[in-house]
Structure formats: C-alpha cells, structure tokens
Amino acid sequence: MADRTHAGQVATARRALRITVRGVVQGVGFRPFVYRIARENQIAGWVRNTSWGVEMAAEGEAAALDAFVHALRHEIPPLARIDALTIDEATPDGLREFEILHSEAQTGAYQPVSPDTATCADCLHELLDPADRRYRYPFINCTNCGPRFTIIEDVPYDRPLTTMRAFDMCPTCRHEYDDPLDRRFHAQPNACPVCGPHVTLMDADGRVLAERDDALRRVAALLREGAIVAVKGLGGYQLACDATDAAAVIRLRQRKRRPHKPYAVMVTDLEEVRRHAEIDEVEAALLGGPAAPIVLLPWWSGSSIVREVAPHMDTIGLMLPYTPLHHILLRDTARPLVMTSGNLSEEPIARDNDEALRRLKDIADYYLVHNRDIHSRYDDSVWFVAAGEAQPVRRARGYAPDPIGLPFEARPILAVGGELKNAFCLTRDRYAFVSQHIGDMENLETLEHFGETLALYRRLFRVEPAIVAHDMHPDYATTRYALEQPGEHVAVQHHHAHLAACLTDAGMPDEPAIGVIMDGTGYGLDGHIRGSEFLLGDARGYRRAAHLAYLPLPGGDAATRRPNRIALAYMQTLAAGDDLPPTLRGVSAAEVETVRTMIARGLNTPFTSSAGRLFDAVSALLGVCGDASYEAQAAIELEEVAQKDARSGDTALYEWETAPAGEAEGGGITA
C-alpha cells in the first residue's frame, strides 16, 4: 500500500530487504562494492562483516532495489565469490543514508578466507610510476590483490587479527583505508614507505648491508654477479639465482642437495614467457591470473635459461612475478631468476627471519628480509595443461584455503592425508577445506608445519572434528597422529580414497563407477603394497576387481631411489634366462647377485602391484633413469621421452598379456 504525504499526494512505495551473503566476501573489496552500488541506486541502509559472512539492510524504491540486487549478483569484485545469497523482505525503518558498520564477531561462526593473490594491474601501474608515492614500494596492495591467508590469524578479517597490526597507518594511508570509495578501503595490509614494512639486505652472518630501495638495487646487482639470495616472499623464503648462469645454478644444486629435481623460473611477463617456452591461451590465462602459479610448459631449445635448471627435461616450470617485490627484482636484474623453495630437500619452507638465517646458512650468500611477519607457510602452486584442461600438481599459494564445494552436507571431519606430498582436509557443512601442500611427513619440521597449519584451519573455520579419517597404513606419521585425536576413527584404504575423491569432485559420490587408479603406494588388505587398482564401487564402498600382478620390491621403499634394482627384480621374475638388456649391463655383478638372493629368500622384499614401480622398471630398462635423486624422477623422465616421441610422431608398441580377473580383492593383470 502506498504511503501518503501530509500534502495528500501519493509517495513512491518503499521496500526494505535484509540480505546475507556467504562465500569469499571479506578482504576482497565486497563492502565498498556494496556501498558504491547502493549510492548509485539511491539505496539507504547498511552493510557489515560478520564471522559468518556479510549482511546488509537495504531500503529504497522497488525498481532501485531490483537494480541493486542485480548488481549484487552479477558485478561483484574480481576476487569475491558468492556461495549463498539470502534475500528476505523486511519492514522499512525510514533509513536515509547508506553506511558501512563495524564488523560483528559471532561465536562459532566461520567463512571462507581468500587466498593470497598476485599484484593487480592498478597496483603494478603505481609501483612502476615514478610520480606515485608508492613507486618501487615492495608491499603495495589493495582490496583486489596482495597477502591474505599468509597474514591472517583469525576471522573476521580485520587488521588487528593479522600480522599487519604491528604497523600504524600514516594519515594518508588511513584516509584511503577509511574512504568507502577508495580501492584501499579496509585493505588490511594497506601501507606505504612512510608507515609500512620495509626490506633489509643481510650477509650470511646476519649483518645489515643495506635497507629499503638501496637493498633492492644491491640484491639485483648481486644476482647478476652469480650470488644465491634468500628472499622473503609471501609464504616463506625462496632461494633465487640467475637462471642464465650455469655455475650459479649448479652451486645452488650442490648446496641445496638437489642434484636433479627441476627448479621453477620466474620471468617478467607473458612476452618473456614466449621467449622460453611454447604457450597456449589456457596456459597464458593460468600464468597471468590472480593465483599466478608455476605452469609446466614445453621448453624452447633456443631459451637463454640454462639446461642445468631442469636436467634431462624438455619441460620447464615458469611463473610470473606475483608480489611487488618480485616485480622490482625481475625488472632490476633484467633476466630470468630461479625462484625455488627456501629449504633443504624434503623440509618445509623457511618462514621467519631468524629461522631462515639458521636453516639456510649453508645455502644462501645473502638474505633479503623484511619485517612483516608470515603467519602461515605457503609454497608456490604448480599446474599443467592437458588436452586443453588445467590440472593441478601442487595446490598451495593462490588456491588454498579456498574450499571445494561438496554435493552433500558433511559432518565435521578431519582427513589427515598420506605420508608423501601431504595435504589434510577439514569438512563443515558443504565445504571441504583442503590445506596447502604440507610436504613429506618424514621429519620433525614437516610434522610441526602440519600441526601449526591444522590448528589454524580449525580456528579459522571453527571445526571440531567428530570423525578422524586416516590411511590404513599403520606406520604413517599421519595415522599415528589421527589415532591420538579424540573422536571416531575411520581407516580408509588408500585407493578407495582416490575413487571416492574423484566421484565427489564430479558431484556423484553415490553413483556406481569403475575406478582405475594408477598409483605408487597404497597399503593393501592382503598385506602387500598396492598401486594399480581396478575398483568397482562408489564413495561408500568398493570391490577390488583386478590389479597388475604382484612383483618383488627388493629393499622395499629404498628401491624407489634405485630403479635399476627394480628392473633387475622384474627381469629375474618375469624373463627367462640370465641375460640382461644392454641398459642394465652396467649394474655390478654383486648387485645382481644381491637382488637375486633377496628375492629367492624373501629378505626385505615385499610384493607390490604398483604402477609407479612399473614405470620405474620401464624407465631403467629403456636407459632413461637408473638412479633417482628425487621421488618419481624415473617416471617423470620417462614421460618426457614419451611426450617428445609423441610430438615428433614416433610411436612404440607395448604388448600386454592379461590374466583373468578374480573375485573381490583378487585377480590380476600380468605385464
């Protein structure tokens, strides 16, 4: 019914709405966006952050409210994501202005947290503009870019709950922060050279050599001279050196104890990427997107990046600068830079300044440190593109802790993950919060990283697990951890977990499927090591229909570093006679006899159906890789050969003899 004014004329009908939004809606410029579209449509009301999401009241003419809601649905900021939008009619309160209210904390409530994102175009323009007050400032950011997850300690996402609380904003930064129409409105890491963090250059003994812009220019000169510099980045330290200097790369390999595993390389922009690698539209979009991951690309033979960066490889991992600090270093050095995790092999990335000086003292010549604390360690993400589809290899910076949507309502569950390449998962409601890459659970530092990160996820997302799921393998560190936790314990067969994950990701967890899982290691119900499974079932259960034949693995897990030994074992088991192929004739007679004796007597020789070990054996038999210095090296280099042959049009024929499949938990396929 229309309201009537005192003059007796009919006033325009007003409506009121109460709106709640859930998703990635804090720290991404969502409230100033709401403020702007409210003013554009002459809407009165308010908006505020809560521990749950964002809520708002809106009053105005019906047509204006419709336009406001349309913009809310379709014009959100680039880093925002709406998972749920609820709109309820309300009684108008006669509001005449639109305000941004203070955040409201709610006990037990939670919301998704934005990952750290690469420097946006606006900030990059300011960074490179000599007339701008943030020219060459390595911590420039706004609501569309910059650190998020690595500095947050709790929700709601406000500056006092981040590591930026140590820096008081100057009047100019405070004005930006308080202005709803400024793109730095409530940008929690907002800072400038006057009031924000700064960089310092130190030598290997921790002595200060330079600060601020002088430190940046001196680091660039040191890198051009062949130095190895530990650089404090978003989620921890990186080790940098000139990727066109073979001596520097070899020196880094020796000090880092990483003789063969490929390094990632950072280059200035997409134009430079094309000077080093073949790249398509999907790969370009990945590289230049807000997550800015490492992308694996076919390597041009004419690239100036030295082959020591990725020995025996025709593929290279390239990435673009994703922080202002990286942009400055790449432009000042004017050459590609190796940018690899600041650690020794298999350890977590170093995070704090004192920790880096201690743990990297035998690797780095110099340290470029800064005084903004990192709350959560964060490695670079790695992706590749196959058949036009982007696929993750390692999910970390730029992606975690962005949740994966579930097709069902989940109880609070903690899944602790496996032993190698660990990542854990917490579920609540329809969200699965998969952690960033944690690493191999083989040393104390990684176990501590696991515990710290899990504590953060539980706090941010307010999860108290009722169920703790773990791998069936009794000796995994994650299994032992899970069994020490309160709640219901559920042991999950490794390869059924793969099938269940794929079905859930496809939104069909209860649909029957044939799961073909080609893997390296999985604890089997028969006591053997599994790794090539044909399962019939769904997310709730399965039947093992078939598998590759069980073959001996002399030395157990240690054999994965010696593919020649696996090839010998397979030859001795499957092939008649004592003749070895030419590729194995360099193996000593003593080792051949040792392998033969271990198999004959069953000494430390478990049996495995692992596809990974089959790849190892084939790689060794073809003379591709007989000794491995990192996990999956033999398979990776074998894949490189296969892809190279495929690109050149060469083909190879492999014959397989199949044995009939048996009952559940039985059957086999013999290579």
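Here the structure is a predicted model, which means the values were calculated and not measured.

Cut-off values and rules
- For every chain, the first residue of the written sequence is number 1, and numbering continues from 1 along that sequence.
- Under the rules for a predicted model, residues below a pLDDT of 70 receive no local features and side-chain atom pairs below 80 are neither given nor counted, while totals for whole chains, interfaces and linings still include all residues.
- Side-chain measures were taken over the full set of non-hydrogen atoms in the model, leaving aside hydrogen atoms and water.
- Any two strands with at least two DSSP-identified bridges between them are counted as paired.
- In DSSP terms, a helix is any run of H or I states spanning at least four residues, a strand is any run of E spanning at least two, and both are numbered starting from the N terminus.
- Every axis corresponds to a line fitted to the C-alpha atoms, with the helix fit spanning only the stretch in contact, and the corresponding angles, defined between N-to-C directions, vary from 0 to 180 degrees.
- Any two residues whose heavy atoms approach within 4.5 Å at even a single point are treated as in contact.
- Here roughly perpendicular refers to angles of 65 to 115 degrees, roughly parallel to angles under 35, roughly antiparallel to angles over 145, and oblique to all remaining angles.
- Should the near helix be turned anticlockwise from the far one by less than a right angle, the crossing is termed left-handed; should it be turned clockwise, right-handed.
- Following the grouping adopted for this structure description, the nonpolar residues are Ala, Val, Leu, Ile, Met, Phe, Trp, Tyr, Cys and Pro, the charged ones are Asp, Glu, Lys and Arg, and the polar ones are all others, Gly among them.
- Residues belong to a common nonpolar core when they are buried Ala, Val, Leu, Ile, Met, Phe, Trp, Tyr or Cys residues joined through side-chain atoms within 4.5 Å.
- Any residue under 20% of the maximum accessible area for its type is buried, any over 50% is exposed, and the rest in between are partly exposed; the area is computed with a 1.4 Å probe on protein chains only.
- The disulfide criterion used throughout: a pair of cysteine sulfur atoms within 2.5 Å.
- To count toward a patch, a residue needs a relative accessible area over 30% and no salt bridge; like charges are then connected within 9 Å, while nonpolar side chains (Val, Leu, Ile, Met, Phe, Trp, Tyr) are connected within 5 Å.
- Here the Shrake-Rupley method, with its probe set to 1.4 Å, supplies the accessible areas, and only the displayed protein chains count as covering residues.
- The working definition used for a salt bridge is a side-chain nitrogen of Lys or Arg within 4 Å of a carboxyl oxygen of Asp or Glu.
- The definitions used throughout rest on a 1 Å grid laid over the protein atoms alone, on which a cavity is an enclosed set of points accommodating a 1.4 Å probe that cannot get out and a pocket is an open set flanked by protein within 12 Å on both sides along at least five of seven lines; lining residues are those having an atom within 4 Å of a point.
- Grid points are joined across faces, edges and corners, and a volume is the space filled by probe spheres set on the points.
- Here a Phe, Tyr or Trp ring, Trp counted by its six-membered ring, pairs with any other such ring whose centre lies within 6.5 Å, and the pair is stacked when the planes are under 30 degrees apart, edge-to-face when over 60, and tilted otherwise.
- Confidence scores per residue from the predictor, reported as pLDDT, run from 0 to 100.

K.L.:
Can you help me understand the sheet that holds strand E19 (residues 467-471) in this one?
P.N.:
Whether parallel or antiparallel, the strands of a sheet pair through hydrogen bonds between backbone atoms. Within the open sheet, the four strands sit side by side as E18-E17-E19-E20. Their pairing is mixed. Every interior strand has two partners, whereas the edge strands, strand E18 (425-434) and strand E20 (488-492), have only one. Taking the axes of each pair of neighbouring strands and ignoring which way they run, one obtains an average angle of 60° across the sheet. Where helix H11 (residues 444-460) meets the sheet, it contacts strand E17 (404-415) and E18, and its direction lies at approximately 165° from that of E18. Together, E17, E19 and E20 form the strand contacts of helix H13 (residues 494-505), whose direction differs from that of E17 by roughly 145°.

K.L.:
Please explain the environment of Gly-602 as it appears in this structure.
P.N.:
Secondary-structure assignment places Gly-602 in the loop between helix H15 (589-601) and strand E25 (607-608). Sequence separation between Gly-602 and Ala-356 is 246 residues, and the spatial gap between their C-alpha atoms is 45 Å.

K.L.:
Help me understand the sheet that holds strand E2 (residues 44-49) in this model?
P.N.:
Strands sit in the order E4-E1-E3-E2-E5 across an open sheet of five strands; the sheet is mixed. This sheet does not close on itself; its edge strands, each paired only once, are strand E4 (81-90) and strand E5 (98-100). Going from strand to strand, the sheet's axes swing by 15° on average, the running direction of each strand aside. Both E2 and E5 contribute to a ladder of three bridges, which runs parallel. Bridging from a neighbouring strand, Val-47 pairs with Ile-100 of E5. Sheet strands in contact with helix H1 (residues 30-40) are strand E1 (14-24), E2, strand E3 (54-61), E4 and E5, and its direction is about 170° off that of E5. Relative to the sheet, helix H2 (residues 62-74) contacts E1, E3 and E4, its axis offset from that of E3 by approximately 150°.

K.L.:
Looking at this structure, I do not really get the packing of helix H5 (residues 212-224) against helix H9 (residues 324-333). What am I missing?
P.N.:
The geometry of a pair of packed helices is captured by two quantities: the angle between their axes and the separation between those axes. Two numbers describe how H5 lies on H9: the axes approach to 9 Å, and their chain directions differ by 55°. As far as their axial angle goes, H9 and H5 are oblique. When you trace H5 past H9, the crossing you get is right-handed. Across the interface between the two elements, Leu-216, Arg-217, Val-219, Ala-220, Leu-223 and Arg-224 from H5 touch Leu-325, Ile-328, Leu-329, Asp-332 and Thr-333 from H9. Of the residues in the contact of H5 with H9, the class split is seven nonpolar, one polar and three charged.

K.L.:
Would you explain the packing of helix H14 (residues 563-574) against helix H16 (residues 611-621) in this entry?
P.N.:
Running from amino to carboxyl end, H14 crosses H16 at an angle of 95°, the nearest separation of the two axes being 8 Å. Classified by the angle between their axes, H14 and H16 sit roughly perpendicular to one another. Contact residues: H14 offers Pro-563, Asn-564, Ile-566, Ala-567, Tyr-570 and Met-571, while H16 offers Arg-613, Leu-614, Asp-616, Ala-617, Ala-620 and Leu-621. Residues of the contact of H14 with H16, tallied by class, amount to nine nonpolar, one polar and two charged.

K.L.:
Explain the nonpolar core to me, please; I cannot follow it from the model alone.
P.N.:
Note that soluble globular proteins tend to have their nonpolar side chains buried in a common cluster. If you look at the biggest cluster of nonpolar residues, it comprises 66 residues, and the most contacted ones within it are Leu-368, Tyr-457, Leu-460 and Phe-461. In this view, Leu-460 contacts Tyr-110, Val-113, Phe-149, Ile-152, Glu-153, Asp-154 and Val-155; residues no more than four positions away in its chain are not counted. One finds Leu-287, Ile-316, Val-338 and Trp-383 within the second-largest nonpolar core, a separate group that totals 43 residues.

K.L.:
Which parts of the structure should I look at to understand the state of the cysteines?
P.N.:
All chains considered together, the criterion is met by zero disulfides. Between Cys-425, a free cysteine, and Cys-502, which holds the nearest cysteine sulfur, the sulfur-to-sulfur gap is 14 Å.

K.L.:
Can you help me understand a nonpolar patch on the surface in this one?
P.N.:
There is a patch of nonpolar side chains on the surface, built from Ile-514, Val-516 and Met-518 and spanning about 310 Å² of accessible area. Along the polypeptide, Met-518 turns up in strand E21 (residues 513-523).

K.L.:
Got a minute to help me understand empty space enclosed by the protein in this structure?
P.N.:
The probe, sized like a water molecule, is rolled over the atoms to show the empty space still left. Counted under the stated rule, the structure contains five cavities of 30 Å³ or more. Counted as a void, the largest cavity has a volume near 140 Å³. Lining of the largest cavity is provided by 18 residues; of these, Pro-138, Leu-234, Thr-323, Pro-324 and Arg-372 occupy positions nearest its centre. Across the lining of the largest cavity, the residue classes tally to nine nonpolar, seven polar and two charged. Its boundaries defined by the atoms lining it, the second largest cavity holds a volume of some 90 Å³. The dominant element in the lining of the second largest cavity, judged by the number of residues it contributes, is H1, at three residues. In terms of residue class, the lining of the second largest cavity is made up of six nonpolar, seven polar and one charged.

K.L.:
Help me understand the pattern of salt bridges, please; the structure alone is not making it clear to me.
P.N.:
Between side chains of opposite charge, pairing is possible as soon as their charged atoms come close. Across all of its chains, the model carries 43 salt bridges by this definition. In this structure, Glu-126 and Arg-183 form a salt bridge, with 3.0 Å as the shortest nitrogen-oxygen distance. Of the two residues, Glu-126 sits in helix H3 (residues 121-127) while Arg-183 sits in the loop between helix H4 (171-178) and strand E6 (199-203), which places them 57 residues apart along the sequence. Under the relative-accessibility criterion, Arg-183 is labelled partly exposed at 22%. Residues Arg-335 and Asp-242 are paired through a salt bridge, measuring 3.1 Å at the closest nitrogen-oxygen approach. Of this pair, Arg-335 sits in the loop between H9 and strand E13 (337-341) while Asp-242 sits in strand E9 (residues 237-242); the two residues are 93 residues apart in sequence, bridging distant segments of the chain.

K.L.:
Just to check I follow, could you spell out unusual backbone geometry for this structure?
P.N.:
Residue Ala-400 is joined to Pro-401 through a cis peptide bond whose omega torsion reads 5°. With respect to the helices and strands, the residue Pro-401 is situated in the loop between strand E16 (389-394) and E17. Positive phi outside glycine occurs at His-312, with the angle close to 65°. Within the secondary structure, His-312 sits in the loop between strand E11 (294-298) and strand E12 (315-319). A residue is classified by how much of its surface remains accessible, and His-312, at 56% relative accessible area, is exposed. The phi dihedral of Arg-462 is positive, around 50°, even though this residue is not glycine.

K.L.:
How should the packing of aromatic side chains be read in this particular structure?
P.N.:
Here the distance between the centres and the angle between the planes together describe a pair of aromatic rings. Considering all chains together, one arrives at 14 aromatic pairs under this definition. Judged by centre distance (5.6 Å) and plane angle (55°), the rings of Tyr-431 and Phe-433 are tilted. Taking relative accessible area as the criterion, Tyr-431 reaches 9% and is therefore assigned buried. When its relative accessible area of 0% is taken as the criterion, Phe-433 is described as buried. A ring pair is formed by Phe-433 and Phe-461, whose centres lie 3.8 Å apart and whose planes are at 10°; its orientation type is stacked.

K.L.:
Looking at this model, I keep getting lost on the confidence of the model for the protein. Mind explaining?
P.N.:
In low-pLDDT segments, the atomic positions of the prediction should not be examined closely. Considering every residue of the protein, the mean pLDDT works out to 91; 94% of them sit at 70 or more. Every residue in residues 1-11 scores below 50 in pLDDT, and together they form eight contacts with partners more than four places removed in sequence or on other chains. Within the model, the stretch residues 653-671 combines pLDDT values under 50 with 40 contacts to residues more than four positions away or in other chains.

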